[in-house]
There are 2 protein chains.
Amino acid sequence: MSKKNLAILMRARMRSNNPTKFSLSQFPKEIPSNSQENHSGDHILQNSSEGIGNSSDFGITGRVYDVVRETMHSAISASKTGVMDITLNDFQEGYFSLSLEDRGKLLLALAKEYDVNREQVRELVKQYLGLENPASDDGELHSPKKEALTSVFYRIEWNLKHALKPTYETLFERLNIHPGGLRFLSILRADLLSILSKENTPSLRTLDSYLKEKLGMWLSPATLELHQITWDDPASLLEKIVAYEAVHPISNLLDLKRRLGIGRRCFGYFHPSIPGEPLIFIEVALMETVAQTIQEVLWDNPPIPENQATCALFYSISSTQPGLAGINLGKFLIKRVITLVKKDMPHVSTFATLSPIPGFMQWLLSKLSSQSRFAEDEGKSPSSTFSEKVLLPEEEQALMSISDDSSSGSNGMEVLLNLLSQKNCEWATSPRVLPVLEPVLMRLCARYLLQEKKRGKALDSVANFHLQNGAMVERINWMADRSEKGIHQSGGIMVNYVYRLENIEDYAQSYFGSGKINASPCIHSRL
Amino acid sequence: MSKKNLAILMRARMRSNNPTKFSLSQFPKEIPSNSQENHSGDHILQNSSEGIGNSSDFGITGRVYDVVRETMHSAISASKTGVMDITLNDFQEGYFSLSLEDRGKLLLALAKEYDVNREQVRELVKQYLGLENPASDDGELHSPKKEALTSVFYRIEWNLKHALKPTYETLFERLNIHPGGLRFLSILRADLLSILSKENTPSLRTLDSYLKEKLGMWLSPATLELHQITWDDPASLLEKIVAYEAVHPISNLLDLKRRLGIGRRCFGYFHPSIPGEPLIFIEVALMETVAQTIQEVLWDNPPIPENQATCALFYSISSTQPGLAGINLGKFLIKRVITLVKKDMPHVSTFATLSPIPGFMQWLLSKLSSQSRFAEDEGKSPSSTFSEKVLLPEEEQALMSISDDSSSGSNGMEVLLNLLSQKNCEWATSPRVLPVLEPVLMRLCARYLLQEKKRGKALDSVANFHLQNGAMVERINWMADRSEKGIHQSGGIMVNYVYRLENIEDYAQSYFGSGKINASPCIHSRL
């Protein structure tokens, strides 16, 4: 069956059943109203928009699946030519009509059946091992025989490298240069990540590695353009900012207008193939001093006159494509934004962030839970090598003194664990508990930011992001984010990272090289 | 010595000698006034701008070279971090200060010393051969042992593929995301091509293959933006159009203004990292009928009102970067321009070109020269298998009849060869010779375009370019380009290729698949 016939069949079958319910729209037209966050190892907060089709409602799933699979085959195996738009469009449309389950099946077929051509690899590997390395002796440089051997050697290396490329990369490459294809690939990867979170098979994981590598290459900073987003931009772009803002949700149009108005800036990174939608954007507030709470940035009014500003505060960075998780788009963004702001307003001399600490509470609760268990056992057996003193003696004492029915415990850690685990985070509004908790949580937060690591890098994903960009940890702020999310994530604490232009390069180097976390004396003194 | 010290030393040494003569400018500021064409296998005409430094004047060449080489080493081997701008800037500056000879030496060092890590490859290859292909039997899908084996297998394949990447690709990748780096790489490749044309060593050739592959990836159509270039664009952009127009040189500002004015369009492909300069641009004339001569496009006035146009004629495509030779940037350009024009002016229904035939005369002269030798020998020995009848009997007769002192010959081919080889192309202005040559050259030109191939594709580079984009050969036009260049290249003949929207995809497919050259009956009848 020709691919055209298949496409027609597919449309006919899908439409004949329930044309009103079934959508063939190429991309999900609506932006998801509930932004969903993704903290798993990724440095910035992300949204999810997957646009799963609903063909499974129809009982023709199997046939639709077969047709999409056939289209995928055509898209990969058609001879190389610039003009295969129809096939690629059909494949995209068909893919969107599949349920997530069928998408998973399709991606597994892609991973397994369009994998590396291993026969060819083995053949080339044998040829390669049979050849002597011509570069090893440089004595007779211009012997024609040696030149010929060298050529053969290089050619086999080149061929082997290309043979090791999985066949499915052809599909990625063809989609990349197809209109809308790059965005499609990002949605496909979002699906893949969602499938991998449930079933982590080696072939799908490998498919993801190659796709991630390609996307990282195609979305390199060289291809991204930095634009200031203003109130004059099209509503279709602005509504995306509202939908994708993941750090401090935008409540209404007035709120958005304020974030784009006087004393505020918003910059986005755009890719030529994904017009009208930033891949990542950053919100900046122009201030007199580095803000300590997010409330002053978001709610206090009016903003100061811009010519009085000495500080540019980055208070939100959101990426819009969950399919680009793990690809560091923000890396060059901050540096470019600093350059841009500096050029525009030379009187701005401080570049700082007011950042969430997304992993603090999670780390603390798990630490308290494991250590209070050790502490319990201590009476019975000699202390374990894994046990450590989480609390100072005076903290222990203070916590025991506020222990009551709802937060009783045999030691300070248990009391703290119980307090922090109360539903509705009651501790955060209790005048009795709060003053006791403040010094404890602030000290532990400093420890979390400055000392807790994973593979030699800061454990906190946002900390890792700014440190690798060359920032230093400047200050932590008590009750800086009183939103439910803020209390829940980090006990309401926020952190200021500071970018000092003269140190950015050295700090990034030393963090990259030795994992050194640069921090101000003020935060060091809290340890 | 640290890289900073090296950079300072380099500047000091270079400046101390002759600060007025020595330029450290990052890019050659001036556009070369003599555009230089490059027909060698490339489909479009190209310019050359190399910006070779003049450090060899100073007698400190050796030391400067050493410093640049050291900087190159730092740029490759520095730990991976976003902030190595200083090193890359130093390397670019240093490179520009070298003579072409030293650049060649540097590129050879890059190719040889930052090559594939062969020890690592051999180690991985051995590991790879020791493993069983886990994909071969799919019986027990979910055995954990098998999963683990599969993971190892995939990982070794991944590692082997990456180990086969030459170390110098790191330099390319770092430059690509460095401001100005992509343009620098294109200049570096132009140098490399120029060096290769003199000394084609396997390692430099391999360096070029990898660089070309990378550039092709980074300049994929997905990263290019199509803009209409108008008289309202900055002069700095417009002067580049004047400098880079390689097909029909722009004589003055008035000429340029006309090419951007009513009834004309100019579109360019821009890359975000190379702002203010198109990588390739195309000039379009809006006409009532498909023009037969370039004179009517360039000189006739005034242009027709745009609403009377039914034909968009592509009369010039120029690429601006000699370092991007062999990378088909124009592939998607024509399709996108057609879409854009069609959207803007639905009454335009014909999309055609008026194109040069850059290889015709060269092919014909070489054919005549070899065949007239065969013909000479024919009396003595039996006819060779390589001999063929180039001329029809009536052409033979007609040519012999106009033979005179300056074009005598023992057969028609020799007469034709002598006529075409006359200096100043006298034949083209001779009322006696011209009518005799017209049918001969037109027939042979049709044969050249429709039947002469190289590796299964049209021998003529411009023909190959349009055919692979899905065009057909529509018509050839006598005395369509009377410029010296036109007479010299193609006997003044030009060709119209036509893009029929409904056939583009099929034609491109059949040309790609079987090398079929689609042509109109009118041109077939000339054969």
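Residues numbered from 1 in each chain as written. Chains lettered and ligands numbered in written order. Predicted model: local features only at pLDDT ≥ 70, side-chain atom pairs only at ≥ 80, totals over all residues. Heavy atoms only, no water.

Right, let's talk about the overall build of chain A for a bit. If you tally the helices and strands in chain A, you get 21 helices and 10 strands. Counting over 527 residues, chain A shows a buried share of 55%. Excluding contacts between residues fewer than 6 apart, the proportion of contacts in chain A whose partners are at least 24 apart in sequence is 74%. When the accessible area of chain A is evaluated, it comes to approximately 22800 Å², of which 52% is carbon and sulfur surface. (Helix = DSSP H or I, 4+ residues; strand = E, 2+ residues; numbered from the N terminus. Buried < 20%, exposed > 50% of the residue type's maximum accessible area, 1.4 Å probe, protein only. Contact = heavy atoms within 4.5 Å. Areas by Shrake-Rupley, 256 points an atom, 1.4 Å probe, with all protein chains shown as cover.)

Okay, the interface of chain B and chain A next. Taken together, the 67 residues of chain B in the interface contact 67 residues of chain A. Summing the contributions of chain B and of chain A, the shared interface buries around 6000 Å²; its carbon and sulfur component is 58%. At the surface where chain B touches chain A, the tally comes to four salt bridges. One salt bridge connects K161 of chain B with E169 of chain A, and the closest N-O pair in it is separated by 3.8 Å. Applying the counting rule to chain B against chain A returns 12 residue pairs in polar contact (both at pLDDT 80 or more). When contributions to the side of chain B that touches chain A are tallied by element, the ones reaching two or more residues are α3 (85–96), α5 (118–130), α6 (144–163), α7 (168–176), α9 (202–218), α13 (330–344) and α20 (504–514) of chain B. Class assignment of the residues belonging to the side of chain B that touches chain A gives a composition of 28 nonpolar, 19 polar and 20 charged. (Buried area = accessible area lost by both parts, 1.4 Å probe. Salt bridge = Lys/Arg side-chain N within 4 Å of Asp/Glu carboxyl O. Polar contact = N/O pair within 3.5 Å; in protein donor to acceptor, adjacent residues only side chain to side chain. Nonpolar A, V, L, I, M, F, W, Y, C, P; charged D, E, K, R; others polar.)

Moving on, we come to the packing of aromatic side chains. Residues and elements named next belong to chain A. Taken as a whole and judged by the stated rule, the model has 26 aromatic pairs over all chains. Relative to F172, the ring of Y168 lies with its centre 5.7 Å away and its plane at 45°, an arrangement referred to as tilted. Placement of the pair is Y168 and F172 together in helix α7 (residues 168–176), with a separation of four residues, close to one helical turn. Taking the relative accessible area as the measure of exposure, Y168 reaches 1% and is therefore buried. Look at F172 and you get buried, because its relative accessible area is 1%. (Phe/Tyr/Trp six-rings, centres within 6.5 Å; stacked < 30°, edge-to-face > 60°.)

What follows covers the UniProt feature "domain: Malonyl-CoA decarboxylase N-terminal" (unreviewed entry) in chain A. When the UniProt feature table is mapped onto this chain numbering, "domain: Malonyl-CoA decarboxylase N-terminal" (unreviewed entry) sits at residues 155–218 of chain A. For residues 155–218 of chain A, helix accounts for 80% and strand for 0%, while the C-alpha atoms at its two ends are 26 Å apart. (UniProt positions renumbered as here; feature names shortened; annotations may be inferred.)

Below, the discussion takes up the relation of the copies chain B and chain A. Each copy of the sequence occupies a distinct position, and chain B is placed on chain A by a rotation of 180° and an axial shift of 0.0 Å, giving an RMSD of 0.1 Å. Such a combination of turn and shift is consistent with a two-fold rotation axis. In terms of C-alpha distance to the rotation axis, chain B has K161 of chain B as its closest residue, with the C-alpha 2.7 Å off the axis. Same-surface contact between copies: 100% of interface residues of chain B are shared with the interface of chain A. (Least-squares fit on C-alpha atoms with pLDDT ≥ 70 in both.)

Our focus in this paragraph is α9 of chain B. Working note: α-helix, 3.6 residues per turn, so residues spaced by three or four point in the same direction. Spanning 17 residues, α9 of chain B covers 24 Å between terminal C-alpha atoms, matching the ideal 24 Å at 1.5 Å per step. Where burial is concerned, most of α9 of chain B is hidden: 12 out of the 17 residues are buried. For α9 of chain B, the full list of buried residues reads P202, S203, L204, T206, L207, D208, Y210, L211, K214, L215, M217 and W218 of chain B. Structurally, α9 of chain B contributes buried residues whose contacts are with α6 (144–163) and α9 (202–218) of chain A together with α4 (100–113), α7 and α8 (181–196) of chain B. (Expected span 1.5 Å × (residues − 1).)

Moving on, we come to the packing of helix α5 (residues 118–130) of chain A against α6 of chain A. Residues and elements named next belong to chain A. Viewed as axis vectors pointing N to C, α5 and α6 meet at an angle of 155°, and their least axial separation amounts to 10 Å. Judged by the angle between their axes, α5 and α6 are roughly antiparallel. Judged by the sense of rotation from one axis to the other, the crossing of α5 with α6 is left-handed. Each of Q120, V121, L124, V125, Q127 and Y128 in α5 lies in contact with α6, whose residues at this interface are F153, I156, E157, N159, L160 and A163. Taken together, the residues that form the contact of α5 with α6 break down as eight nonpolar, three polar and one charged. (Axes fitted to C-alpha atoms, helices over the stretch in contact; angles between N-to-C directions. Parallel < 35°, antiparallel > 145°, perpendicular 65-115°, else oblique. Left-handed = near helix turned anticlockwise from the far one by under 90°.)

Residues and elements named next belong to chain A. Viewed as axis vectors pointing N to C, helix α15 (residues 393–402) and helix α17 (residues 434–451) meet at an angle of 140°, and their least axial separation amounts to 10 Å. One element, α15, and the other, α17, form an angle in the oblique class. Every pair of crossing elements has a handedness; the one defined by α15 and α17 is left-handed. Taken together, the residues of α17 that come into contact with α15 (itself represented by E395, A398, L399 and I402) are V436, L437, P439, V440 and R443. Looking at the contact of α15 with α17 residue by residue, the class counts come to seven nonpolar, no polar and two charged.

Here the focus is unusual backbone geometry. Among all residues save glycine, negative phi is the norm, and among peptide bonds the norm is trans. Residue and element names in this part refer to chain A. Non-glycine residue C425 carries a positive phi angle of around 50°. Tracing the chain through its elements places C425 in the loop between α16 (412–421) and α17. Since its relative accessible area comes to 16%, C425 is described here as buried.

By secondary structure assignment, the location of W158 of chain B is in helix α6. Residues within four places of W158 of chain B in sequence aside, it is in contact with S209, Y210 and E213 of chain A.

Below, the discussion takes up the side chain of Q371 of chain A. Considering the arrangement of structural elements, one finds Q371 of chain A in helix α14 (residues 360–378). Once you skip the residues sitting within four places of it in the chain, Q371 of chain A turns out to touch F386, S387, E388, V390 and M413 of chain A.

Take the nonpolar core next. One finds L110, F360, W427, L437, L449 and V473 of chain A to be the most contacted residues of the largest nonpolar core, which totals 117 residues. Tallying contributions element by element places α17 of chain A first for this core, with 12 residues. One finds I317, F332, M361 and Y497 of chain B within the second-largest nonpolar core, a separate group that totals 115 residues. (Core = buried A, V, L, I, M, F, W, Y, C linked by side-chain atoms within 4.5 Å.)

Another point: the environment of V415 of chain A. Residue and element names in this part refer to chain A. Within the secondary structure, V415 sits in helix α16. Distance from V415 to I402, taken between C-alpha atoms, is 8.5 Å for residues 13 residues apart in sequence. Not counting residues within four places of it along the chain, the set of residues in contact with V415 comprises L399, M400, S403, S407, S408 and G409.

With that settled, the discussion passes to the pattern of salt bridges. Applying the stated rule across the entire model yields 42 salt bridges over all chains. Note that D344 of chain A is salt-bridged to R265 of chain A, the shortest N-O span being 3.9 Å. With a gap of 79 residues between them, D344 of chain A in helix α13 (residues 330–344) and R265 of chain A in strand β3 (residues 264–270) connect regions that are remote in the sequence. Residue K165 of chain B pairs with E173 of chain B through a salt bridge whose shortest N-O separation is 3.1 Å. Classification of K165 of chain B by relative accessible area gives partly exposed; the value is 25%. Within this structure, K161 of chain A together with K165, E169, E173 and K214 of chain B form a network of salt bridges that share partners.

Okay, the pairing of strand β6 (residues 350–353) of chain A next. Every other side chain in a regular strand lies on the same face of the sheet, so the side chains alternate between the two faces. All names here are of chain A. The pairing of strand β5 (residues 311–319) with β6 spans four bridges and is classified as parallel. Looking at β6, one finds that C311 is bridged to T350. The handedness of the β5 to β6 crossover, carried by α13, is right-handed. In the sheet, β6 pairs with strand β10 (residues 494–499) via two bridges, with the strands oriented antiparallel. Pairing of F351 across the sheet is with Y499, part of β10. (Pairing = 2+ DSSP bridges. Right-handed = clockwise from strand over helix to strand, strands pointing away.)

Residues shown with low pLDDT carry predicted positions that ought not to be read at fine detail. All names here are of chain A. Per-chain confidence: chain A averages 84 in pLDDT, with 84% of residues scoring 70 or above. Predicted confidence for residues 1–51 stays below pLDDT 50, and this span has 111 contacts to residues more than four positions away or in other chains. The low-confidence segment residues 53–58 (pLDDT under 50) makes 20 contacts with residues lying over four places distant or belonging to another chain. This complex was scored by the predictor with a pTM of 0.79 and an ipTM of 0.77. (pLDDT = per-residue confidence, 0-100.)

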